[in-house]
Amino acid sequence: MRLLILNLMLVLFSVSVLAQDIINVSGKVTDQTGESVIGVSISIKGTIQGTITDIDGNYNISVPSNGILVFSFIGFDTQEVPVNNQASINITLVESVTGLDEVVVVGYGTQKVKDLTSSIATVKADEIVKTPAGQTMQALQGKVAGMQIVSAGAPGDEPTVRIRGVGSFPSSSDSKPLYVVDGMFFDNIDFLNPSDIESLSVLKDASASAIYGVRAANGVVLITTKKGNLKTKSTITYDGYVGVQVAQNVLKMANAEQFVDYANQTGSAADISFVESAMQRFGRSRINPNIPAVNTDWYKEIMHSAATQQNHSLSIVGGSENTAYSFGVSYFEQEGLLKTKNAYKRFNFRGKLDQQVNNWLKAGINVNMSNGIKYLADDAAWFKAYHAVPILPVYDDENFAEMVAQGHENPSNYANAKLIGYRGSQNPFINLKYRDHRQDIRKALTGIYSEISIIPEKLNLKTSYNLSVLHIKDRNVGLPYDLNGDEVRPLSTLSTYRALDVNQYLDNVLTFTDSYGGHNVSVMLGTSYRDEWYDYLSGSAEDVPQNENSWYIGQSQSETSKQVDDNAERIYGLSYFGRVAYNYNSKYLAYFTLRRDGTSKYQEKWGTFPAFGLGWVVSEEDFFTDNVNFINYLKVRGGWGKLGNDKIKRQDGANTTNPQFLAINDTQVTGTTTTSTFGYLGWETVKGTNIGISAKFLNNQLSLESDYYIRNTENAAIPVSLKLQSGSVLKNVGTIRNSGFELAVSYNGKITDDLKYMVGANMATLKNEVRDLFGQAFINGGQAEFRQRSQVGEPLLSFYGYEVEGVYQNQAEIDADPVAVDNGLVPGDFKFKDQDNSDVIDDDDKVFLGSYIPDLTYGGVLGLTYKNAEFSMNFTGQSGNKILNRKRGEIIWTNDTNIDADLANNLWNGEGTSNKYPSASGLRRGWNQNFSDYLVEDGSFFRIQNIQVAYNIKGERWFGQGMPDARVYFTAERPLTVFDYNGFNPEVPNGIDRQFYPVPSVYTVGLNLKF
């Protein structure tokens, strides 16, 4: 009600605004060479009215006779021209090398780059579309200092995104940033077509993000989609590409000869007999009769040599006298690498309509709809392909014939390792061919707004209502099969769920801007109401018909197997926020924000989140300009802010009552005991400090951005051990710190007027550190066999185990070492480091072996243009992180399986053969299966991320007719990755590699047309 009253008062007040004399102004915009410039933005200063130039550089706009026209275009200096009753104004744009007047999106508004005091990175739309990916954030990999992007290979999967480290205990929250798309909040943007983006800003530090309060602890990504402009001819744009995905760095496994040699070295009579069984069933090799004839490369068998990927987008933008419009459709399709139903398809529609109702009122509507279909592969196939023995064929027709003869209901011709003695079927095709997992993902974002100019050029009010709807329909079917023996699924299985997510926001933002003398001030006040509703319904059943149209619980022929569950949650929130931005002659800068967030989720209903920033443009001082020539611009800036993380659940633990039975005087007495571990939780609080420098050198050709930050999560939700009982419960009592240094530099130069180049690089260090665990010595994570530990002074969930000094080479080394003697070790076993020199290897000798969080990330770009030809190359990398190669470690439970070729070729097999890996028999002994740095590998890598070659065709005329502007390009995405880790890919989100979809290289050819 208060919001409604405020809106009505402001509307009534605005009616009293007097109209001004309006004249029609037209003209042409050219560059310094005299060429027409298309798409130049022309706006009336202090208003929301504007237009853009047409294909010939011409424009036409109605403007107050005493108004000021602002001409702006990327790559050129912004110009302000007083109208002074002129009916014709022609402009020549001057190429910009500073970019200081460029406007960037910040929370609930915009700011010029030169006025920023916060750490905000922007990525241009043309950089985003260079990456052939269905996921927008994948295009940012290596482009933003301090932002770690971990690629995902499965079709439709979004990458893992972390801004400035991990501030929450992974079991209690996640590290996703907040995504704000056209004013609407999202946890992911997998529905968004990258070519629909007009601008993208990353708010990295607390002073920039605090305006979003309790949602902003992990950073904020602001995205504005494309829109039209008034009085602009319609422009139709097609942008599309087709290409192939190729699996890179495919892990080599032991072949049949290496595997048999390994089995013989183990000394296991059972394993040797399995090899004999394989030769009897499938035959012997003609080259070596001691080896089975079968030599299966399982990764090669389960993967396509190439998978297609394509994207096609069509848009139309323009505007009439009072209406601006932008519409677009797109289709994206990505096949998976696995030989199964494994793909992602997405159809998008977007539309924006802005109406200039009169000279004081503007209104509009925005719609973005996405319809996706994803077929998910069973990740267990990757795990099985690693462990499947090469002496097993894909198919076993003999077994199939036997089952048919015996009358089996669902006989399969896939081979079964159990039939030659192994404990599991091992065949990954069981997971691929007898599983059908489909998701239908429908998302819709709808927003309407009105914007009132209360005082022209000074005060305006924007009211917006945004509604997002997400509906997911998930259906996972296991089809029946029979491989003989006990490897059988007699009945089909079905698990399904429906998830509905409906969020709505009502925002009111009042903005005042004014200048007097050298003083420039902008004040913003706002309110935001949110209603977030989540509904979930799931079920399962067995024995559903094998017809896809009948894969529903109601079609199950097994009444006793049917199960249904549902859940729902609704959260309300109300927020008040404000911002004051001030500068004097763009020399002395001050920035202050305050947000007051209220929520129904937690017991503590309200939180206050302040932030401030200060900046000093040193290069504007007389003493600097008179004495320093090579530095064109130098700004020192700093800020502090308080943020919140409301991704923590509202409570943890439970109150339980358990029956107890006791015999007293031969009589059973019944009683109860109660246990209470229940406790309420609240949002985490993050306090961040940022100090930075922005500078330009050498006639503004060299740019530099540098930041040092400290980000403290002061009441992190961490597990706290229960007293007098086992287990733990989450409490807001931990402290986690992320700190680091970021640097980004770029240089723009030209050799001739036709030949220009640019180079850029960025890097970021990161120190993740646990600061307080509520008095606990440590918190264990992971499994006991693969231990992770969080301890004060160490990174979150660091790997924790023994350090391997080498491998015992001979009996003399064994006899000289009390540890080896006491544990009955033999040559070929690991020599663990005795950290405390006690001659005993125990828990006191375990040490921290590294963290999955990298301490250095970096990226860079090289660009070259010659006339209409362009070349660009991006690279990225990281170091300091570790990966647990759990695939190898699973030998603890499945030791009759294959091993990778690197391990097979380098196992200890006599004195001097290896000081890194144990013997084949040693792999089976418990001593060598203790968790150690044998399983923890370096996750560093360097990658050429993207190479693009393009040619532009503009202003061509064929057969007397004007041709559309065209751009033809070739892109190679991830063509080369250099790393030492023994796996497909060194990018593992949580550092534990058990089964991950490989990230492919992508090669595409594309075409862009503008009509």
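Description of the structure in this document. Quantities reported herein were computed from a predicted structural model and do not represent experimental measurements.

**Observations regarding the overall build of the chain**
- Secondary structure summary: the chain contains 14 helices and 55 strands in total.
- For 1011 residues, the compact-globule formula gives about 30 Å, and the C-alpha radius of gyration of the chain, at 32 Å, lands near that figure.
- Principal-axis analysis of the C-alpha atoms places the extent of the chain at approximately 100 × 85 × 70 Å.
- Scored against the burial criterion, the 1011 residues of the chain give a buried share of 52%.
- Across the chain, contacts joining residues at least 24 apart in sequence account for 69% of those joining residues at least 6 apart.
- Carbon and sulfur atoms make up 54% of the accessible area of the chain, which amounts to about 43700 Å² in all.
- On the chain, the mean spot of the 89 positive side-chain charges and the mean spot of the 111 negative ones are 6 Å from each other.

**A closer look at the side chain of serine 739**
- Of note, serine 739 is situated in strand E38 (residues 728-750).
- Apart from residues lying up to four places away in sequence, serine 739 is in contact with Tyr708, Tyr709, Ile710, Thr765, Leu766 and Lys767.

**Re the nonpolar core**
- With 83 residues, the main nonpolar core has Tyr299, Ile302 and Ile391 as its most contacted residues.
- Among the elements that make up this core, the one with the highest residue count is helix H4 (residues 256-266) (five residues).

**Topic: H4**
- All of the buried residues in H4 are Ala256, Phe259, Val260, Tyr262, Ala263 and Thr266. Across the axial projection of H4, the buried residues extend over an arc of 160°, all falling on one side.
- Where H4 is buried, its residues meet helix H5 (269-282).
- Where H4 begins, the side chain of asparagine 255 points an oxygen toward the backbone nitrogen of glutamate 257, at a separation of 3.2 Å.

**Re the pattern of salt bridges**
- In total, this model carries 51 salt bridges according to the counting rule given.
- Among the salt bridges present, the one from glutamate 548 reaches lysine 341, with a minimum N-O distance of 3.9 Å. Of this pair, glutamate 548 sits in the loop between strand E27 (519-542) and strand E28 (563-584) while lysine 341 sits in the loop between strand E19 (323-335) and strand E20 (343-358), and the two are 207 residues apart along the sequence.
- Exposure remark for lysine 341: the relative accessible area of 37% places this residue in the partly exposed category.
- Glutamate 813 serves as the salt-bridge partner of lysine 831, at 3.5 Å between the closest nitrogen and oxygen.

**A closer look at the layout of surface pockets**
- Size it by volume and the second largest pocket reaches roughly 1200 Å³.
- If you trace the second largest pocket, you find 41 residues lining it, with Asp187, Asn188, Leu470, Asp501 and Tyr534 closest to the centre.
- Sorting the residues of the lining of the second largest pocket by element identifies strand E14 (184-186), strand E22 (435-455), strand E23 (459-478), strand E26 (493-516), E27 and E28 as the ones contributing at least two each.
- Ranked by the residues each element gives to the lining of the second largest pocket, the list is headed by E26, at six residues.
- Its residues assigned to classes, the lining of the second largest pocket shows 18 nonpolar, seven polar and 16 charged.

**Quick notes on the sheet that holds strand E3 (residues 50-52)**
- With antiparallel pairing, the four strands of this open sheet are ordered in space as E3-E2-E5-E6. Of all strands in the sheet, those bounded by a partner on one side alone are E3 and strand E6 (79-82). On average, each strand axis in the sheet is inclined to that of its neighbour by 20°, with strand direction left out of account.
- Where strand E5 (residues 68-72) and E6 come together, four bridges link them in antiparallel fashion. From the neighbouring strand, phenylalanine 71 faces E6, where its bridge partner is glutamine 79.

**Thoughts on the pairing of E23**
- Looking at chain direction, E22 and E23 are connected through 20 bridges and run antiparallel. Within E23, the position partnered with glutamine 439 by the bridge is aspartate 474.
- Between E22 and E23, which follow one another and run antiparallel, lie three residues, and glutamate 457 among them has a positive phi close to 70°.
- Pairing of E23 with E26 involves 20 bridges; the strand directions are antiparallel. Across the sheet, residue valine 477 finds its bridge partner in E26, namely leucine 494.

**Things to note about the packing of aromatic side chains**
- With the rule as written, the count across this model stands at 36 aromatic pairs.
- With a centroid separation of 4.8 Å and an interplanar angle of 75°, the aromatic rings of tyrosine 299 and phenylalanine 984 are classed as edge-to-face. Highlighted residues: tyrosine 299 in helix H6 (residues 298-302) and phenylalanine 984 in the loop between strand E54 (965-979) and strand E55 (1001-1010), separated in sequence by 685 residues.
- Residue classification places tyrosine 299 among the buried residues on the basis of a relative accessible area of 3%.
- With centroids separated by 6.1 Å and ring planes inclined at 75°, the aromatic side chains of phenylalanine 786 and phenylalanine 931 adopt a geometry described as edge-to-face. With phenylalanine 786 in strand E42 (residues 786-790) and phenylalanine 931 in the loop between helix H14 (901-906) and strand E50 (936-938), the pair connects residues that are 145 residues apart, well separated along the chain.
- Judged by relative accessible area, phenylalanine 786 falls into the buried class, the value being 2%.
- Pairwise contacts between aromatic rings join Tyr802, Phe830, Phe832, Tyr917, Trp927 and Tyr934 into one cluster.
- In this structure, lysine 462 packs its charged tip against the face of tyrosine 449, placed 4.9 Å from the ring centre.

**Observations concerning a nonpolar patch on the surface**
- A cluster of nonpolar residues, Ile236, Leu314, Ile316, Phe327, Val329, Phe347, Phe349, Leu353, Ile365, Met369, Ile448 and Phe1011, forms a patch on the protein surface that exposes about 980 Å² of accessible area.
- Counting residues per element, the ones that place at least two in the nonpolar patch are strand E18 (307-319), E19, E20 and strand E21 (361-375).
- For the nonpolar patch, the element with the highest residue contribution is E20, accounting for three residues.
- For phenylalanine 349, a relative accessible area of 31% gives the class partly exposed.

**Some points on empty space enclosed by the protein**
- Within the structure shown, the criterion is met by 13 cavities of 30 Å³ or more.
- Estimated volume of the largest cavity: approximately 200 Å³.
- Around the largest cavity, the lining is made up of 20 residues, and of these Ala133, Gly134, Ala152, Gln334 and Arg974 lie nearest the centre.
- Mapped by element, the contributors of at least two residues to the lining of the largest cavity are E19 and E54.

**Examining the environment of glycine 860**
- Along the chain, the position of glycine 860 falls in strand E47 (residues 856-866).
- Taking the relative accessible area as the measure of exposure, glycine 860 reaches 5% and is therefore buried.
- Glycine 860 has contacts with Gly142, Gly760, Ala761, Asn762, Met873, Asn874 and Phe875, leaving out every residue within four places of it along the chain.

**Focus on the sheet that holds E42**
- The strand order across the open sheet formed by four strands is E41-E42-E43-E46, and the pairing between neighbours is antiparallel. Strand pairing shows two members of the sheet lacking a second neighbour, strand E41 (779-783) and strand E46 (847-850), which therefore form its edges. Strand-to-strand, the axes of this sheet are offset by a mean angle of 45°, without reference to chain direction.
- Pairing of E41 with E42 involves five bridges; the strand directions are antiparallel. Following the sheet pairing, glycine 781 is matched in E42 by glutamine 788.

**Considering the packing of H4 against H5**
- Two elements in contact, H4 and H5, have axes whose closest approach is 7 Å; the angle formed by their N-to-C orientations is 145°. Handedness of the H4/H5 crossing: left-handed. Residues Phe259, Val260, Ala263, Asn264 and Thr266 of H4 touch H5, and the partners they reach there are Asp271, Ile272 and Val275.
- Split into classes, the residues belonging to the contact of H4 with H5 amount to five nonpolar, two polar and one charged.

**A word on unusual backbone geometry**
- With phi around 60°, arginine 164 is a residue other than glycine that occupies positive phi space.
- Within the fold, arginine 164 resides in the loop between strand E12 (160-163) and strand E13 (178-181).
- Take arginine 164: its relative accessible area is 4%, and that puts it in the buried class.
- One non-glycine residue, phenylalanine 774, lies in the positive phi region at around 60°.
- By the secondary structure assignment, phenylalanine 774 is in the loop between strand E40 (767-772) and E41.
- The class for phenylalanine 774 is partly exposed, based on a relative accessible area of 47%.

**Describing the environment of glycine 165**
- Take glycine 165: it is sitting in the loop between E12 and E13.
- Distance from glycine 165 to glutamate 705, taken between C-alpha atoms, is 19 Å for residues 540 residues apart in sequence.
- Beyond its immediate sequence surroundings of up to four residues, glycine 165 is in contact with Arg711, Asn738 and Leu766.

What counts, and where the lines are drawn
- Residues numbered from 1 in each chain as written.
- Predicted model: local features only at pLDDT ≥ 70, side-chain atom pairs only at ≥ 80, totals over all residues.
- Heavy atoms only, no water.
- Helix = DSSP H or I, 4+ residues; strand = E, 2+ residues; numbered from the N terminus.
- Rg over C-alpha atoms; globule rule 2.2 N^0.38 Å.
- Buried < 20%, exposed > 50% of the residue type's maximum accessible area, 1.4 Å probe, protein only.
- Contact = heavy atoms within 4.5 Å.
- Areas by Shrake-Rupley, 256 points an atom, 1.4 Å probe, with all protein chains shown as cover.
- Lys, Arg positive; Asp, Glu negative; His and termini not counted.
- Charge placed at Lys NZ, Arg CZ, Asp CG, Glu CD.
- Core = buried A, V, L, I, M, F, W, Y, C linked by side-chain atoms within 4.5 Å.
- Arc of directions from axis to C-beta.
- Polar contact = N/O pair within 3.5 Å; in protein donor to acceptor, adjacent residues only side chain to side chain.
- Salt bridge = Lys/Arg side-chain N within 4 Å of Asp/Glu carboxyl O.
- 1 Å grid on protein atoms, 1.4 Å probe; cavity = no way out; pocket = protein on both sides within 12 Å on 5 of 7 lines; lining within 4 Å.
- Points joined across faces, edges and corners; volume = space filled by probe spheres on them.
- Nonpolar A, V, L, I, M, F, W, Y, C, P; charged D, E, K, R; others polar.
- Pairing = 2+ DSSP bridges.
- Axes fitted to C-alpha atoms, helices over the stretch in contact; angles between N-to-C directions.
- Phe/Tyr/Trp six-rings, centres within 6.5 Å; stacked < 30°, edge-to-face > 60°.
- Lys NZ or Arg CZ within 6 Å of the ring centre and 35° of its normal.
- Patch = residues over 30% accessible without salt bridge, like charges linked within 9 Å, V, L, I, M, F, W, Y side chains within 5 Å.
- Left-handed = near helix turned anticlockwise from the far one by under 90°.

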